[in-house]
Number of protein chains: 4
Amino acid sequence: MADTAVLLIDCPDQRGIVAGVSDFLYRHGANIVHADQHQDAELKLFFMRVEWELTDFTLTPEAFAPAFAELATRFAMKWRLELAARRPRLALFVSKYDHCLADLLYRWHSDELRCDIVAVVGNHRDAEPLAQFYKVPFHHFAVEAAKRAEAETAELALLRRERIDLIVLARYMQVLSPRFVSEYPQRIINVHHSFLPAFIGARPYHQAFERGVKLIGATSHYVTEQLDDGPIIEQSTTRISHRDQLPDLLQKGRELEKAVLSRAVRWHVESRILVYGKKTVIFD
Amino acid sequence: MADTAVLLIDCPDQRGIVAGVSDFLYRHGANIVHADQHQDAELKLFFMRVEWELTDFTLTPEAFAPAFAELATRFAMKWRLELAARRPRLALFVSKYDHCLADLLYRWHSDELRCDIVAVVGNHRDAEPLAQFYKVPFHHFAVEAAKRAEAETAELALLRRERIDLIVLARYMQVLSPRFVSEYPQRIINVHHSFLPAFIGARPYHQAFERGVKLIGATSHYVTEQLDDGPIIEQSTTRISHRDQLPDLLQKGRELEKAVLSRAVRWHVESRILVYGKKTVIFD
Amino acid sequence: MADTAVLLIDCPDQRGIVAGVSDFLYRHGANIVHADQHQDAELKLFFMRVEWELTDFTLTPEAFAPAFAELATRFAMKWRLELAARRPRLALFVSKYDHCLADLLYRWHSDELRCDIVAVVGNHRDAEPLAQFYKVPFHHFAVEAAKRAEAETAELALLRRERIDLIVLARYMQVLSPRFVSEYPQRIINVHHSFLPAFIGARPYHQAFERGVKLIGATSHYVTEQLDDGPIIEQSTTRISHRDQLPDLLQKGRELEKAVLSRAVRWHVESRILVYGKKTVIFD
Amino acid sequence: MADTAVLLIDCPDQRGIVAGVSDFLYRHGANIVHADQHQDAELKLFFMRVEWELTDFTLTPEAFAPAFAELATRFAMKWRLELAARRPRLALFVSKYDHCLADLLYRWHSDELRCDIVAVVGNHRDAEPLAQFYKVPFHHFAVEAAKRAEAETAELALLRRERIDLIVLARYMQVLSPRFVSEYPQRIINVHHSFLPAFIGARPYHQAFERGVKLIGATSHYVTEQLDDGPIIEQSTTRISHRDQLPDLLQKGRELEKAVLSRAVRWHVESRILVYGKKTVIFD
């Protein structure tokens, strides 16, 4: 894996942005390995992701911001620079169902996910052996209704102590408080076991079964203060038939959940996602 | 195509149904070519579809009911017998978008749909040349708000005159009145351009675009008096990305609409659908 | 999970088979929970799978064969009876890539696969910790070219000692000898990492990359003496684009391999597969 | 639809290409609406497609080449400029199966394909009424074995007279001679009714049926002198089961053929395809 940097840009659309950015990178010796851009014609917005090898790049990470400032100001850019060498630190939250957790840990272990998983947080102890197998510290926080605020305070302390960049709710069955969510904007990814916005809320497979749908789905999204309403990152569906009873829906759904959550995590840690409004741009 | 009969059965589940039915058919010389059954374990219901060649069958269609009566009574069956030789008569309803109409007419013309399409009904005249090309009479009924009831009365008269068995709403943009719907229970098929129950009602692609979903869908269903709430027959989804603007959604959606509507029509005319409650069993 | 029996039948097609079998089961108190059948019209063959609860069934497993003999003889049936209570014993073979192994062990551990995994066999030691985590004995057999026959002899001894019913090659990179294969006819399942019959043999993803295909696939199949030529059980494909380099193909391929192999194993252990000639009937 | 130009570039990869091209376009007032690029890391090749609105662009089509020459030479570019206003002229070739023809004509008629279809060529007369309905001249050339060369000569004369840019073989069942193919390099698109490279040659659905595959496919590709071996543009697969007999494969296959052929034609006429070696880059 080459040592690369990623620049993510989000600004009003106007002429000359690509010319300006690519000229800037060229002048500083960047060897571009991927570049992708997107224009929202309706909202007149411009989005860009460019990744380059650092070998011959003449700017240090510290020197980048001052050097890039003139361009960023001229085009009113929101931007950020991510270094592949700086791996994001993840905490995985889990309850009892551990298929998403097992899937993420395996992918991480086999180098599919470019991050450091440094904590598994559970409101039950079921997943502890799995975390131990992958040598990730397991933290148990019982979340009883009366003590939810207290538990969250302890969790937040842990997250700060571990300098967590991204929280992944791997079928974590507790609703996070607005206070919690507001501390990690666009840095909490959840998997919802339906094709949102169908079947918001509890027991979506039961809802789907009752309605007699012919496909079931799963959705990964950033968590916002409104339940199941955050920007969607990835969705997938699979066919069911009248032969599929509830346990079959649950089983088929697990495949979808693993797929949409692991893709969302991969895209996030590779800095491939830009959020605007309730939407995401995925530079895959 | 062999000359076959189809028997559809819907009854409380209990032992001996298959033994009874298969023995009955065997004794009367039926050469079974397909048989399929389904049990709803929760509701304790039994569904069966059996198709056989009529060559050596010893019962005439008229003699079937009296001969089958004892068995039907013993198991409290709802049943019906369909003869492949008796092709259902269809009316297709259309507004301006004619992609579903063109698709259905082509499939019918190339013998993919075992039915007779005997009328195309439009509230606009745009689809008239297409109907004419396939030599199907076109009927124009302007559906102005003030005269909707009047138009429906005229339409119903046409449908009765033409002895229509199935009405297909091929992107027909008018909402049918409860009176109209009640005359053709489980005999009106609609295509809704979303993955129901997401995005019920008007402009679903616009709703999907606003929400930032990563898949769009389409649904074919029987029409009931409640909008977009009837038993779902078929659904399909396709992937979209941030690159897809509204016109792209419309284009990709058309493919889904054609697919789910044509499959629903095919299954209906081949007597492959059993409705129970809000659900369908598809014997495909 | 109810205590059930499965009867699988394969015979020349003729009238009266279903009537005979369902009457037989009815007379002995079987409460049928699933029944499915298939006719190959061209080859005039009949296939059936019927599953019933044993609660009120009046025949013991030992008494079944004599009681069923008359019917079996009359219709020239090949048949077998499988009891859900008798879980098949599996050995998983693996080399270095362990994604399929990890996937199968997790599914088994979470009760998705109705079998006993009693041995993991590796020609490398990489997968040993994973086997240990799931408490399955790991057996290492170095398969050097000069000593292949010797290694196979030792493996066969282990398989006999453990009374193995099914061998699963979970990305096992050794070709089994005809002698080995002949001892487990239709009882060795392999996953090939291409959409067979495209890209038979070594390095199929490299072949696919060179050819510039737009989809890659994976195939699970029973192993026969001819390489990659056995009856296909399951296949799946996924989209790739010019952006996907070889490592991307390998990664996307792993998802397919896990899916097609785990489905094949599930169908086999649930007695849902009938092989005839080079084809399979899957009663799913 | 805005009046746009598309520039397609294919050259050795090196630093500064994007900076050079985007600066060039910026200086001449181009309002870029889409830009996409691809690097083949292994072969060290660079590919780019950029589309801009012509409203404020300061170069006429005639002036573009001289102005762009310095840049093109510096980077050893192969390039071409396509104007949306200049719609490519298409000839569709057909035999008896007309589902792809009907599909393409309908899409063209409903403005989904940005081209002019100016001729339908058939070696049978079956498709003539369909061509007439869409007001496209139909040309019949009987292709008897003895007179194939003669027929091709007449066809080539027609193609030249009609200034055809792209030939689409819409299930045209004749093999074109090398002479014919060599006159339209990368300008003949065929649909093959299998997932290439599986089942090359005649009767692929029969081959698939014999092999017992669980998916069937279709492939659109540019025609080269070697049968079914040209650069693949698009592929798709669909699931089949043991229940599907040959007519079912043919029916399901038709859906795939329509999909992969119509996408290939759309991408070609929108200048979204770059061919290199046996591969294609699709800028979609």
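Residues numbered from 1 in each chain as written. Chains lettered and ligands numbered in written order. Predicted model: local features only at pLDDT ≥ 70, side-chain atom pairs only at ≥ 80, totals over all residues. Heavy atoms only, no water.

> Explanation requested: the relation of the copies chain D and chain C in the structure shown.
In summary, the two copies of the chain are related to each other by a rotation about an axis coupled with a shift along it. Once turned by 180 degrees and shifted 0.0 Å along the axis, chain D lies on chain C with an RMSD of 0.0 Å. Here the two chains are linked by the operation of a two-fold rotation axis. Across chain D, the smallest distance between a C-alpha and the rotation axis is recorded for Ala198 of chain D, namely 2.3 Å. A high fraction, 100%, of the interface residues of chain D reappear at the interface in chain C, so the copies pair face to face through one surface. (Least-squares fit on C-alpha atoms with pLDDT ≥ 70 in both. Contact = heavy atoms within 4.5 Å.)

> Please clarify how the domain arrangement of chain A should be interpreted in this entry.
Interfaces are often sized by the accessible area lost when the parts come together. Residues and elements named next belong to chain A. Splitting chain A by domain gives domain 1 (4-83) and domain 2 (89-282). Taking the mean C-alpha position of each, domain 1 and domain 2 sit 31 Å from one another. Taken together, the contact pairs 14 residues of domain 1 with eight residues of domain 2. Carbon and sulfur atoms make up 56% of the surface buried where domain 1 meets domain 2, a total of about 850 Å² over both sides. The largest contributions to the domain 1 side of the interface with domain 2 come from Leu8, Phe47 and Arg49, which together make up 45% of the buried area. Viewed at the interface, domain 2 and domain 1 are joined by three residue pairs in polar contact (both at pLDDT 80 or more). When contributions to the side of domain 1 that touches domain 2 are tallied by element, the ones reaching two or more residues are β1 (4-12), β2 (31-40), β3 (45-53) and β4 (78-83). When residues in the side of domain 1 that touches domain 2 are grouped by element, the largest group, five residues, is from β3. Its residues assigned to classes, the side of domain 1 that touches domain 2 comprises seven nonpolar, one polar and six charged. (Domains from an automatic or database assignment. Buried area = accessible area lost by both parts, 1.4 Å probe. Polar contact = N/O pair within 3.5 Å; in protein donor to acceptor, adjacent residues only side chain to side chain. Helix = DSSP H or I, 4+ residues; strand = E, 2+ residues; numbered from the N terminus. Nonpolar A, V, L, I, M, F, W, Y, C, P; charged D, E, K, R; others polar.)

> I keep staring at the sheet that holds strand β5 (residues 89-94) of chain A and nothing clicks. Help me out?
Pairing between the strands of a sheet is mediated by backbone hydrogen bonds and can be parallel or antiparallel. Residue and element names in this part refer to chain A. Strand order in the open sheet formed by seven strands is β7-β6-β5-β8-β9-β10-β11, and the pairing between neighbours is mixed. Because the sheet does not close on itself, it has two edges, and the strands there are β7 (138-140) and β11 (232-239). Across the sheet, the mean angle separating the axes of adjacent strands is 20 degrees when strand polarity is ignored. In this sheet, β11 lies alongside strand β10 (residues 215-222) in antiparallel orientation, the contact comprising seven bridges. Within the sheet, the bridge partner assigned to His221 lies in β11 and is Ile232. (Pairing = 2+ DSSP bridges. Axes fitted to C-alpha atoms, helices over the stretch in contact; angles between N-to-C directions.)

> How do you make sense of the interface of chain D and chain C when you look at a structure like this?
Listed by partner, the interface residues are 35 residues for chain D and 35 residues for chain C. Each partner contributes to the roughly 3,200 Å² buried at the junction of chain D and chain C, and carbon and sulfur atoms together form 50% of this total. A per-residue breakdown of the area chain D buries against chain C is headed by Arg211, Lys214 and His242 of chain D, which together make up 23% of the total. Along the contact surface separating chain D from chain C lie four salt bridges. Across the contact surface, chain D and chain C share 23 residue pairs in polar contact (both at pLDDT 80 or more). Here the side of chain D that touches chain C is composed, by residue class, of twelve nonpolar, ten polar and 13 charged. (Salt bridge = Lys/Arg side-chain N within 4 Å of Asp/Glu carboxyl O.)

> Can you help me understand unusual backbone geometry in this one?
Across the chain, the bulk of peptide bonds are trans and the bulk of non-glycine residues have phi less than zero. Residue Pro197 of chain A follows Leu196 of chain A across a cis peptide bond; omega there is 5 degrees. Along the chain, Pro197 of chain A falls in the loop between β9 (188-192) and α7 (204-211). Positive phi, close to 55 degrees, is recorded for Gln186 of chain D, a residue that is not glycine. Considering the arrangement of structural elements, one finds Gln186 of chain D in the loop between α6 (178-183) and β9 (188-192). The class for Gln186 of chain D is partly exposed, based on a relative accessible area of 43%. (Buried < 20%, exposed > 50% of the residue type's maximum accessible area, 1.4 Å probe, protein only.)

> Even after reading the chapter, I still don't get the confidence of the model for chain A, so can you show me in this structure?
Reading predicted coordinates in detail is not appropriate for stretches of low pLDDT. Per-chain confidence: chain A averages 94 in pLDDT, with 99% of residues scoring 70 or above. Scoring the predicted complex yields pTM 0.96 and, for the interface, ipTM 0.93. (pLDDT = per-residue confidence, 0-100.)

> Please explain the relation of the copies chain B and chain A as it appears in this structure.
Note on the identical chains: chain B maps onto chain A by a rotation of 180 degrees and an axial translation of 0.0 Å, with an RMSD of 0.0 Å. Residue by residue, 100% of the interface of chain B is reproduced at the interface of chain A, so both copies engage with the same surface.

> Please explain the sheet that holds β1 of chain A as it appears in this structure.
Residue and element names in this part refer to chain A. Strands sit in the order β2-β3-β1-β4 across an open sheet of four strands; the sheet is antiparallel. On the outer flanks of this sheet lie β2 and β4, each paired with one strand and no other. For this sheet the average axis-to-axis angle between neighbouring strands, irrespective of direction, equals 10 degrees. As paired strands, β1 and β4 are joined by six bridges and run antiparallel to one another. When the bridges of β4 are listed, Ala5 appears paired with Leu83. Where helix α1 (residues 17-27) meets the sheet, it contacts β1, β2 and β3, and its direction lies at approximately 20 degrees from that of β3. Against the sheet, helix α2 (residues 61-74) engages β1, β3 and β4, with an angle of about 155 degrees to β4.

> For this particular structure, what's the right way to read the layout of surface pockets?
Once rolled over the atoms, a probe with the size of a water molecule shows which space is left empty. Of the volumes computed, that of the second largest pocket is approximately 1,100 Å³. Lining the second largest pocket are 44 residues, with Tyr97, Arg171, Tyr172, Met173 and His193 of chain D sitting closest to its centre. Contributing elements (two or more residues each) for the lining of the second largest pocket: α3 (99-109) of chain B together with α4 (128-133), α6, β9, α7 (204-211) and α8 (246-269) of chain D. When its residues are assigned to classes, the lining of the second largest pocket shows 21 nonpolar, 13 polar and ten charged. (1 Å grid on protein atoms, 1.4 Å probe; cavity = no way out; pocket = protein on both sides within 12 Å on 5 of 7 lines; lining within 4 Å. Points joined across faces, edges and corners; volume = space filled by probe spheres on them.)

> I tried to follow empty space enclosed by the protein on my own but got confused; where do I start?
Approximately 200 Å³ is the volume found for the largest cavity. What lines the largest cavity is a set of 16 residues, among which Ala102 and Tyr106 of chain A together with Ala102, Asp103 and Tyr106 of chain C lie closest to the centre. Those elements that place two or more of their residues in the lining of the largest cavity are α3 (99-109) and α4 (128-133) of chain A together with α3 (99-109) and α4 (128-133) of chain C. Grouping the amino acids of the lining of the largest cavity by side-chain chemistry returns ten nonpolar, two polar and four charged.

> Explain the pattern of salt bridges here, please?
Pairing between side chains becomes possible if they bear opposite charge and their charged atoms approach one another. Counted by the stated rule, this structure contains 92 salt bridges over all chains. Between Arg107 of chain C and Glu112 of chain C there is a salt bridge, and its shortest N-O distance comes to 2.7 Å. Residue Arg107 of chain C shares its accessibility class with Glu112 of chain C, and that shared class is buried. Note that Arg125 of chain C and Glu128 of chain C form a salt bridge whose closest N and O atoms lie 3.0 Å from each other. The partly exposed category is assigned to Arg125 of chain C, whose relative accessible area is 47%. Taken together, the shared-partner salt bridges connect Asp103, Arg107 and Glu112 of chain A together with Arg254, Glu255 and Lys258 of chain C into one network.

> So what exactly am I meant to see when it comes to the interface of chain B and chain A here?
Taken together, the contacts link 35 residues of chain B with 35 residues of chain A. Counting the surface lost from both chain B and chain A, the interface buries some 3,200 Å², and carbon and sulfur atoms represent 50% of this. Taken together, the links from chain B to chain A amount to four salt bridges. Asp36 of chain A serves as the salt-bridge partner of Arg243 of chain B, at 2.6 Å between the closest nitrogen and oxygen. Summed over the shared surface of chain B and chain A, the number is 23 residue pairs in polar contact (both at pLDDT 80 or more). Put simply, the parts of the chain that give the side of chain B that touches chain A at least two residues each are β2 (31-40), α7 (204-211), β11 (232-239) and β13 (279-282) of chain B. For the side of chain B that touches chain A, the leading source of residues is β11 of chain B, giving seven residues. The residue makeup of the side of chain B that touches chain A, split by class, is twelve nonpolar, ten polar and 13 charged.

> How should the pairing of β1 of chain A be read in this particular structure?
Successive side chains on a regular strand alternate, one facing one side of the sheet and the next facing the other. Residues and elements named next belong to chain A. Within β1, eight of the nine residues are buried, which leaves it mostly tucked inside the rest of the structure. Across nine bridges, the pairing between β1 and β3 is antiparallel. The partner of Ala5 across the bridge, within β3, is Trp52.

> Explain the packing of aromatic side chains to me, please; I cannot follow it from the model alone.
The relation between two aromatic rings is expressed through the spacing of the ring centres and the mutual angle of the planes. Across all of its chains, the model carries 56 aromatic pairs over all chains by this definition. Taking the centre distance of 5.7 Å and the plane angle of 85 degrees together, the rings of Phe24 of chain A and Phe64 of chain A count as edge-to-face. Taken as a pair, Phe24 of chain A in helix α1 and Phe64 of chain A in helix α2 lie far apart in primary sequence, 40 residues in all. Phe64 of chain A shares its class with Phe24 of chain A; the two are buried. Just above the ring of Phe209 of chain B sits the side chain of Lys279 of chain A; from NZ or CZ to the centre is 3.4 Å. (Phe/Tyr/Trp six-rings, centres within 6.5 Å; stacked < 30°, edge-to-face > 60°. Lys NZ or Arg CZ within 6 Å of the ring centre and 35° of its normal.)

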